[in-house]
Amino acid sequence: ASEPDTDSPPSDTSDTDKYAKRSDDSCSAGLSDGRALRWLLGAGVLTRFYGLAWPDEVVFDEVHFGKFITGYLTGQYFFDIHPPTGKLLIAAVAWASGFRGTQPFQKIGEAYRVGTNLFALRALPAAFGAALPPLLFSLARQLGCSSASSLLVGCLVLLDGATLVESRLLLTDSSLFFWE
């Protein structure tokens, strides 16, 4: 049996170096990381904010979250088993936009009252939803993924139907996704 050659110089690349991300790695479409982030944020804002005031009726769990926000703004007592941070943030934005808790939120399909700034009620969840694609792109880059695969991650979140819908309604899901 032959002995290993101890006089040869060490290899130029170690196992960890061959898996390290390259600094010149750019998206396959020719986008730099900064341009990819800006593109994902712009596309997130467009998909989350365009037509945000539609439909102009209470949808799905807006009936519950609307009651919570109204309760925070009017001081009405209610019991909520969930942590209040997301609803308090939405209530603060709603209050700053002039919403004073006049919408009753009695049933799904109920029309919003005239003068209710529906855009302002849904704006904070939409902002959190718009921030998710660039956030997950950045997370994927930090985990060592290539720019192209990180862009794919961002685009998958951008176009995910459930995330898109939940971030366009008066719900706290998009803020939960953002802070997780």
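## Observations concerning the environment of Leu 156
Line of reasoning, step 1. Looking at the secondary structure, you find Leu 156 in helix H6 (residues 147-159).
Line of reasoning, step 2. Taking relative accessible area as the criterion, Leu 156 reaches 55% and is therefore assigned exposed.
Line of reasoning, step 3. Taking the C-alpha atoms as reference points, Leu 156 and Pro 133, 23 residues apart in sequence, are found 8.0 Å from one another.

## A few points about the packing of aromatic side chains
Line of reasoning, step 1. In this structure the tally under the stated criterion is 6 aromatic pairs.
Line of reasoning, step 2. Residues Phe 105 and Tyr 112 carry aromatic rings whose centres are separated by 5.8 Å and whose planes lie at 80° to one another, so their mutual orientation is edge-to-face. Take Phe 105 and Tyr 112: they sit in the same class, and that class is buried.
Line of reasoning, step 3. Judged by centre distance (4.8 Å) and plane angle (90°), the ring pair of Phe 178 and Trp 179 falls under edge-to-face.
Line of reasoning, step 4. For Phe 178, a relative accessible area of 23% gives the class partly exposed.
Line of reasoning, step 5. For Trp 179, a relative accessible area of 60% corresponds to the exposed category.
Line of reasoning, step 6. Three or more aromatic residues joined by ring pairs make a cluster, and in this case those are Phe 128, Phe 178 and Trp 179.

## Looking at the packing of helix H2 (residues 33-49) against H6
Line of reasoning, step 1. Remark: H2 packs on H6, axes separated minimally by 10 Å, with the N-to-C direction vectors making an angle of 5°. Judged on the interaxial angle alone, H6 and H2 are roughly parallel. Residues Asp 33, Ala 36, Trp 39, Leu 40, Ala 43, Gly 44, Thr 47 and Arg 48 of H2 form the contact with H6, whose own contacting residues are Ser 147, Leu 151, Gly 154, Cys 155, Val 157 and Leu 158.

Conventions and cut-offs
Sequence positions are assigned chain by chain, starting from 1 and proceeding in written order. Side-chain atom pairs in this predicted model are given and counted only at pLDDT of 80 or more, local residue features only at pLDDT of at least 70, and totals for whole chains, interfaces and linings cover all residues. Side-chain numbers come from the whole structure's heavy atoms, not from hydrogens or water. Elements are defined by DSSP. Helices are runs of H or I of four residues or more, strands are runs of E of two residues or more, and each kind is numbered from the N terminus. Three exposure classes are used, based on accessible area relative to the maximum for each residue type with a 1.4 Å probe and protein chains only: buried under 20%, partly exposed in between, and exposed over 50%. In this scheme Phe, Tyr and Trp rings, the latter by its six-membered ring, pair at centre separations within 6.5 Å, and the angle between planes marks the pair as stacked below 30 degrees, edge-to-face above 60, and tilted otherwise. Only the stretch in contact is used when a helix axis is fitted, and all axes are lines through C-alpha atoms; the angle between N-to-C directions ranges over 0 to 180 degrees. Reported orientations rely on four angle classes, namely roughly parallel under 35 degrees, roughly antiparallel over 145, roughly perpendicular from 65 to 115, and oblique for the rest. Here a residue-residue contact requires only that any non-hydrogen atoms of the pair lie within 4.5 Å.

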